[in-house]
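Here's the letter readout for the chains.
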Amino acid sequence: MMMKAATMRVTRRQALGLGAGATAVVIAGPTVGPAVAKGQSAEDAIKAFTGGAETKTGKVSLSTPEIAENGNTVPVSFDIESPMTADDHVQSVLVVADGNPRPGVATFHFSEMSGKASASTRIRLAKTQNVIAVARMSDGSFFMDKRLVKVTIGGCGG
Amino acid sequence: MGTRVISSTAAKLAAAAGLAAVAAYATVALAGPNDNELAVDGQKYMTEVPGAKDGPLEKVYSGWRFRNEATQAMQLDDFDNPGFTNVETGEQLWSTVDGEAGKSCESCHGDAAESMKGVRAQMPKWNEAAGKPLTLEHTINNCRTQNMKAAPWKWESNEMLSMTAFIGLQSRGMPVNVKTDGPMKAWHDKGKEIYYARVGQLDMSCSGCHEENYGKMIRADHLSQGQINGFPTYRSKWQKLGSIHRRFKGCMKNIRATPFKVGGDEFTALELYVASRGQGLSIETPAVRN
Amino acid sequence: MAKVKPRVKVPKKAEAGEVITIKTLINHKMESGFRKDKKTGELIPQKIINKFTAEFNGKPVFSADVRPAVSANPYFQFKVKVPESGTFKFTWVDDDGSTYSTEKKIKVGG
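Quantities reported herein were computed from a predicted structural model and do not represent experimental measurements.

Definitions and limits used
- Numbering of residues starts from 1 in every chain and runs along the sequence as written.
- Lettering of chains starts at A and numbering of ligands starts at 1, both following the order in which they are written.
- Reporting of local features is limited, given that this is a predicted model, to residues whose pLDDT is at least 70; pairs of side-chain atoms are given and counted only at 80 or more, and all residues count toward the totals for whole chains, interfaces and linings.
- In computing side-chain properties, one takes all heavy atoms of the structure into account and sets aside hydrogens as well as water.
- Note that domain bounds follow an automatic or database assignment of domains.
- Contact criterion: two residues are considered in contact whenever any of their non-hydrogen atoms come within 4.5 Å of each other.
- Joining two parts hides part of their accessible area as seen by a 1.4 Å probe, and the buried area is that hidden amount summed over both.
- Any Lys or Arg side-chain nitrogen found within 4 Å of a carboxyl oxygen on Asp or Glu counts as a salt bridge.
- Here a polar contact means two N or O atoms within 3.5 Å. Within protein one must be a hydrogen donor candidate and the other an acceptor candidate, and residues neighboring in sequence count only if both atoms are side-chain atoms.
- Segments assigned H or I by DSSP are reported as helices when at least four residues long, segments assigned E as strands when at least two residues long, and all are numbered from the N terminus.
- Residue type decides the class: Asp, Glu, Lys and Arg count as charged, Ala, Val, Leu, Ile, Met, Phe, Trp, Tyr, Cys and Pro as nonpolar, and the leftover types, Gly among them, as polar.
- Here a strand pair is declared whenever DSSP counts at least two bridges between the two strands.
- The quantity called pLDDT is the predictor's confidence in a given residue, expressed from 0 to 100.
- Relative accessibility under 20% of the residue-type maximum defines a buried residue, over 50% an exposed one, and the middle range a partly exposed one, all with a 1.4 Å probe and only protein chains included.
- Only the contacting stretch of a helix is used when fitting its axis, a line to C-alpha atoms as for every element, and angles between N-to-C directions run 0 to 180 degrees.
- Cysteine sulfurs are considered disulfide-paired once they come within 2.5 Å of each other.

Residues and elements named next belong to chain B. Domains assigned within chain B are domain 1 (8-74 + 174-289) and domain 2 (84-169). The C-alpha-based centres of domain 1 and domain 2 are spaced at 25 Å. The interface is formed by 30 residues belonging to domain 1 together with 24 residues belonging to domain 2. In this assembly, domain 1 packs against domain 2 so that about 2,100 Å² is buried in total across both faces, 67% of it on carbon and sulfur atoms. Taken together, the links from domain 1 to domain 2 amount to one salt bridge. For K132, the salt bridge identified is with D265, shortest N-O distance 3.0 Å. Counting across the domain 1 and domain 2 interface gives seven residue pairs in polar contact (both at pLDDT 80 or more). When residues of the side of domain 1 that touches domain 2 are traced back to their parent elements, those giving at least two are α8 (184-196), β10 (240-242), α10 (244-254) and α11 (265-277). Of the residues belonging to the side of domain 1 that touches domain 2, the class tally is 17 nonpolar, nine polar and four charged.

With that settled, consider the interface of chain A and chain C. Counting from both sides, the interface comprises 29 residues of chain A and, opposite them, 32 residues of chain C. Roughly 2,500 Å² of surface becomes buried between chain A and chain C when both sides are summed, with 54% attributable to carbon and sulfur atoms. The largest contributions to the chain A side of the interface with chain C come from M113(A), R122(A) and R124(A), which together make up 29% of the buried area. If you look at where chain A meets chain C, you find zero salt bridges. For the interface between chain A and chain C, the tally reads 17 residue pairs in polar contact (both at pLDDT 80 or more). The set of elements that each furnish at least two residues to the side of chain A that touches chain C consists of α1 (2-20), β6 (104-110) and β7 (117-123) of chain A. Partitioned by chemical class, the residues of the side of chain A that touches chain C number 11 nonpolar, 14 polar and four charged.

Once that is clear, we can look at the pairing of strand β7 (residues 86-94) of chain C. Every regular strand shows the same layout, with side chains that alternate between the two sheet faces. All names here are of chain C. Relative to β7, strand β4 (residues 49-56) runs antiparallel, the two being bridged by seven bridges. Bridging across to β7, F56 finds its partner in F88. In this structure, β7 lies alongside strand β8 (residues 99-108), joined through eight bridges in antiparallel fashion. From the neighbouring strand, F88 faces β8, where its bridge partner is K104.

Of all residues in chain B, 89% have pLDDT values of 70 or greater, and the mean over the chain is 89. Segment residues 1-29 of chain B: pLDDT under 50, and 35 contacts once partners within four positions in sequence are set aside and those in other chains are kept.

Time to look at the interface of chain C and chain B. Taken together, the contact between chain C and chain B spans 12 residues of the former and 14 residues of the latter. Overall, the association of chain C and chain B removes approximately 1,200 Å² of surface from exposure, summing both partners, and the carbon and sulfur fraction of that is 50%. The closest approach of N and O atoms between K9(C) and D77(B), which form a salt bridge, is 3.7 Å. At the junction of chain C with chain B, the criterion picks out seven residue pairs in polar contact (both at pLDDT 80 or more). Mapped by element, the contributors of at least two residues to the side of chain C that touches chain B are β1 (6-9) and β3 (18-26) of chain C.

Before going further, it helps to examine α10(B). Residues and elements named next belong to chain B. For α10, the complete set of buried residues consists of I244, H245, R247, F248, M252 and N254. On its buried side, α10 packs onto β9 (233-235), β10 and α11. Downstream of α10 by one or two residues, R256 has phi in the positive range, about 55°.

Let us now look at the sheet that holds β7(A). One open sheet holds the six strands; their spatial order is β2(A)-β4(A)-β7(A)-β6(C)-β3(C)-β1(C), and the pairing between them is antiparallel. On the outer flanks of this sheet lie β2 (60-63) of chain A together with β1 of chain C, each paired with one strand and no other. When the angles between neighbouring strand axes are averaged without regard to direction, this sheet yields 15°. For strand β4 (residues 74-80) of chain A and β7(A), the ladder comprises seven bridges, and the chain directions are antiparallel. Among the inter-strand pairings, F78(A) is bridged to a residue of β7(A), identified as A119(A).

This next bit is on the pattern of salt bridges. One pass over the structure, following the stated rule, counts 22 salt bridges over all chains. Between E37(B) and K44(B) there is a salt bridge; the shortest N-O distance is 3.7 Å. Across the pair, exposure class does not vary: E37(B) and K44(B) are exposed alike. The structure contains a network of salt bridges with shared partners spanning D77(B), D80(B), K9(C) and K23(C).

Residues and elements named next belong to chain B. Taken as a whole and judged by the stated rule, the model has zero disulfides over all chains. Summary of cysteine pairing: C108 is not part of a disulfide, and the nearest cysteine sulfur, belonging to C143, is at 6.7 Å. With no disulfide partner, C206 has as its closest neighbouring cysteine sulfur the one in C251, 6.9 Å distant. C206 gets classed as partly exposed once you look at its relative accessible area, which sits at 25%.

Here it is in structure tokens:
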């Protein structure tokens, strides 16, 4: 069973490696997940979203379990401090996972009718990693929050 | 909650797998079930009942009590529970005509909320015509082939899982109540024998984990008593519902044993015995686990 | 694969300007493109719900661009401030071009 779990992990990484055509490197590397994924790292994804603008902490509160019993279904939610008026609202929120083969998880778009910029979903995490939420406000500023989620693999539930 | 050391079985298992990192988990102080209460729409469920006087467990706990709050939460609201997409499919199938006899389940059984109430709680149940106990899956397929003149569903098919989830839901909240006397005794005893038999390359039995070491960590997993009151269960690992026999098969593969046949006599006997270990627990179908 | 069926939970009634919670779930495998076929060893091509939108009386109120990292049977919960009675329309877009949608009415005030 242990072996099986371990093998499955390698398989996942191999699959990841195939995308980059660098299987051996992936297995040898310690935690280079995002760096070898199809071009884009979590950092790149965030930069593409913010256009390189400064991203401050605050306003965004991201909730995740500290430990996910299975990486296949990890509940994630966020709540952003904003009056959500025509002049001052959250436009969109990017959620990325920095240790997944591809960091992008989802981008949520809000409107004046949202009332409150909050959302919940369930996501897949390939291993222990950070989940990051970045909010784009209507004035062009960006805010973020980050949470480390420990993903347990193996055992009999793995 | 006191600190318990990792079980000898788990330590042995770790050594067998040659994973030194596993030892790190030995120091994790996580023991016993948690104290959360399971209630859905105001209805409370019995996730803890006293074990039978002459039984092996002092207290009987639902697997829900061994999950963390993120996993538990998915079962607290029927909308959040992904098993309910199958329940809805099952409800449709219930009244869908199939087979040469031109019947649906509803043609004979009417309103499932009445006719199927308590059915899941008594499974597996003795069937005189078959001369053996039948699981819910067997019973459904019997009805399909004999009464509806329809093709049987595959054990792990979406149709079968949807129907067992829908029928199971009609017993939700009712206590597990399987018969183990009369002609069932031999099957119960056979199931018990399987439960305690050490098998596979890792030389483990069901009891090694689920009786002697529940509440402790096996690598990163919090061991439950292996109760089956929530099946078919939506597992995050499977990303869908799965049957009791699928879970048994997975356990046997984990200990590197050759699994018994899904739907076969061995797993039926084991299902009966494991169900009997959870007498009194509320049916939670469709439960959510990791 | 099982027939794709959206589920949504919208309150039947609300006060004008009330912020309500909407829950949605759709049964879908969300094939990530990273899994291998156990028999052939080949990668199974990606097939996911890539877009979810919620409209109220024809106006977009919430949407999500979805990647393979969203779990099977995608679940979204979000808020809407409802100004008047009307109809919500929810749409999911599949990689294969299919769309699945469902509608829910809400009564505001009175």
